[in-house]
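Structural overview for review
Residue-level listing of the chains:
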Amino acid sequence: MEISDKLLCLFSADVTIEDDQYVVEVPRREIDTGSVEPGETYRVALIADDSDESTSESSTKSKSTSGGGGASSEPQPPVEEGEIRYVEVEDIGKQGDGIARVERGYVIIVPDAEIGERVKVEITEVKSNFAVGEIIEEDF
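Residues numbered from 1 in each chain as written. Predicted model: local features only at pLDDT ≥ 70, side-chain atom pairs only at ≥ 80, totals over all residues. Heavy atoms only, no water.

**What to know about unusual backbone geometry**
Unusually for a residue other than glycine, aspartate 19 sits at a positive phi of about 55°. Mapped onto the secondary structure, aspartate 19 falls in the loop between β1 (15-18) and β2 (21-24). Unusually for a residue other than glycine, arginine 104 sits at a positive phi of about 55°. In this structure, arginine 104 sits in the loop between β4 (98-101) and β5 (107-110). (Helix = DSSP H or I, 4+ residues; strand = E, 2+ residues; numbered from the N terminus.)

Right under this line is the structure:
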């Protein structure tokens, strides 16, 4: 699956029914970070949430230049080193660092952050199951 460079945000949501309409709720963080503006019209793509499809939801910023060797059975991290992200700290880890989650529940550890803080971070380290982000702007 090819992901457009015009992708503004990526999140998981349930489709619900309200009266005679089906509704996909956009998380508040997408409005707060400026990715999406209320009242505007957007194209929406729905991707099934099954294990075969999750591997295709790799980083929206990454552009593969290799001709396509074997597909990995592990999903790739949705962030890259040096990438700038706007995140909200949802929890505190065992060592006191802030914990934020992005696509597919991928964890970004944010040192010196508190629960509820919304911060702009630069990704400084990427591992298969977590990344570390350094705060470059607080309370955006």
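So, next bit.
**Let's talk about the pattern of salt bridges**
Scanning the entire structure with this criterion turns up 5 salt bridges. Put simply, arginine 85 and glutamate 83 hold a salt bridge, and the shortest N to O gap is 2.8 Å. The same class applies to arginine 85 as to glutamate 83, namely buried. For the salt bridge of glutamate 90 with arginine 101, the shortest nitrogen-to-oxygen distance reads 3.2 Å. Of this pair, glutamate 90 sits in strand β3 (residues 84-92) while arginine 101 sits in strand β4, and the two are 11 residues apart along the sequence. For arginine 101, a relative accessible area of 35% puts it in the partly exposed group. Salt bridges linked by common partners bring Glu83, Arg85 and Glu103 together as one network. (Salt bridge = Lys/Arg side-chain N within 4 Å of Asp/Glu carboxyl O. Buried < 20%, exposed > 50% of the residue type's maximum accessible area, 1.4 Å probe, protein only.)

It is worth stressing that arrangement in space is one thing and function is another; only the former is reported here.
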